[in-house]
Amino acid sequence: MRYAEDMGQCAGCHGAILARLRRIANVCRIDFQPEQAKRWRMDPAGKLLIVWHSRTGASRAMAEAAAAGAATAARVAGAEHVMPADLLAAAGYLFVCPENLASMSGAMKEMFDRCYYPVLGRIEGRPYATAIAAGSDGEGAQHQIDRIATGWRLRRVAEPLIVCTQAQDMAAILAPKTVTPEDLARCRELGEALATGIALGVF
Ligand SMILES: Cc1cc2nc3c(=O)[nH]c(=O)nc-3n(C[C@H](O)[C@H](O)[C@H](O)COP(=O)(O)O)c2cc1C
């Protein structure tokens, strides 16, 4: 089915679809021209895999928001459960985790260690993005994931998203986290954009 042509039979539907595509183009690295929409086709099998780990709740809330944005076009899995077959079955990835000691969290790193060689050379060119929860920084975790993704020859298709939870002393760091509605909205948008872009094959 052509996404913008066959589904958008009426002017209202067509407008809504184009608006959605424009939102994707705002979040992701694609040069969207309305004319292109006529060539894009929905592929319901093209699924986003959202891999997450969280210690005090922020990354979990961010992954859930991204999943809500992606709706049925995503599968959500805790990093500790993700196996090479899950990565092979997905068409693109969103990695969501906290920065701990200037690194990605241990459970997320263990997922990469477990899966790196079994999928090496088999997922090249697929799109990915990251969403990091951090007390004050987050770039260490994000750069580590980028280096691993470069090894896999994945393509970053959205700007890095870092949510700063302002947790900087022991009490704040150990406390359960609440993510602001604005930051959750950014995660929701990212999930929607990635999942729709993957399903349309625009990356
Ligand atoms: C052991 C530990 C180390 C941390 N190290 C960093 C750090 O290096 N940089 C940073 O910005 N935040 C650091 N933080 C703060 C967390 O990134 C922050 O609390 C984040 O919101 C946690 O996300 P989560 O709720 O998903 O676990 C650290 C937290 C813990 C528990």
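Residues numbered from 1 in each chain as written. Predicted model: local features only at pLDDT ≥ 70, side-chain atom pairs only at ≥ 80, totals over all residues.

Engineer: Could you give an account of helix H5 (residues 106-119), naming the residues involved and the relevant values?
Structural biologist: Given 3.6 residues to a turn, an α-helix orients residues that are three or four positions apart in the same direction. Taking 1.5 Å as the rise per residue, H5 with 14 residues should run 20 Å; its terminal C-alpha atoms sit 20 Å apart, in good agreement. The elements touched by buried residues of H5 are strand S1 (48-52), helix H4 (84-89), strand S3 (92-100), strand S4 (103-104) and helix H6 (139-151). Just past H5, the residue Gly121 takes up positive phi, approximately 85°. (Helix = DSSP H or I, 4+ residues; strand = E, 2+ residues; numbered from the N terminus. Expected span 1.5 Å × (residues − 1). Contact = placed C-beta atoms within 7 Å.)

Engineer: Mind laying out the site of the ligand, listing which residues take part and the relevant values?
Structural biologist: Inspection of the region around the ligand gives 21 residues, with Arg55, Ala58, Ser59, Pro98 and Gly135 positioned closest. Of all the secondary structure elements, the ones that give two or more residues to the shell around the ligand are helix H3 (58-70), S3 and strand S5 (127-134). Counting residues per element, the shell around the ligand draws most heavily on S3, at 3 residues. Considering only residue class, the shell around the ligand consists of 8 nonpolar, 9 polar and 4 charged. (Near = placed C-beta within 6 Å. Nonpolar A, V, L, I, M, F, W, Y, C, P; charged D, E, K, R; others polar.)

Engineer: Go over the packing of H3 against helix H8 (residues 181-200) with me, naming the residues and quoting the values.
Structural biologist: Taken N-terminus to C-terminus, the directions of H3 and H8 make an angle of 45°; their axes are 6 Å apart at the nearest point. Relative to H8, the element H3 is oriented oblique. Crossing geometry of H3 relative to H8 is assigned as right-handed. Only Leu184, Cys187, Arg188, Glu189, Leu190, Gly191, Glu192, Leu194 and Ala195 of H8 make contact with H3, whose side of the interface consists of Ala61, Met62, Ala65, Ala66, Ala67, Ala68, Gly69 and Ala70. When its residues are assigned to classes, the contact of H3 with H8 shows 12 nonpolar, 2 polar and 3 charged. (Axes fitted to C-alpha atoms, helices over the stretch in contact; angles between N-to-C directions. Parallel < 35°, antiparallel > 145°, perpendicular 65-115°, else oblique. Left-handed = near helix turned anticlockwise from the far one by under 90°.)

Engineer: Quick rundown of unusual backbone geometry? Include the residues and the values.
Structural biologist: Positive phi, close to 65°, is recorded for Ala102, a residue that is not glycine. Assignment of secondary structure puts Ala102 in the loop between S3 and S4. The class of Ala102 is partly exposed, set by 13 C-beta atoms lying within 10 Å. One non-glycine residue with positive phi stands out, namely Arg153, at about 60°. (Buried ≥ 20, exposed ≤ 12 C-beta atoms within 10 Å, placed from the backbone.)

Engineer: Pulling in residues and values, what's your account of H3?
Structural biologist: The first and last C-alpha atoms of H3 sit 18 Å apart over 13 residues, in line with the 18 Å expected at 1.5 Å per residue. Most of H3 is tucked away, with 12 of its 13 residues classed as buried. Residues of H3 that are buried include every one of Ala58, Ser59, Arg60, Ala61, Met62, Ala63, Glu64, Ala65, Ala66, Ala67, Gly69 and Ala70, and no others. Of the residues one or two after H3, Ala71 is the one with positive phi, at around 55°.

Engineer: How would you sum up the nonpolar core? Please name residues and give values.
Structural biologist: Core analysis: the largest hydrophobic core is formed by 60 residues, its most contacted members being Leu48, Ile50, Met62, Ala66 and Leu194. For Leu48, the residues in contact, after removing those within four places along its chain, are Ala70, Ala73, Ala74, Ala90, Gly92, Leu94, Leu194, Ala195 and Ile198. (Core = buried A, V, L, I, M, F, W, Y, C linked by C-beta atoms within 7 Å.)

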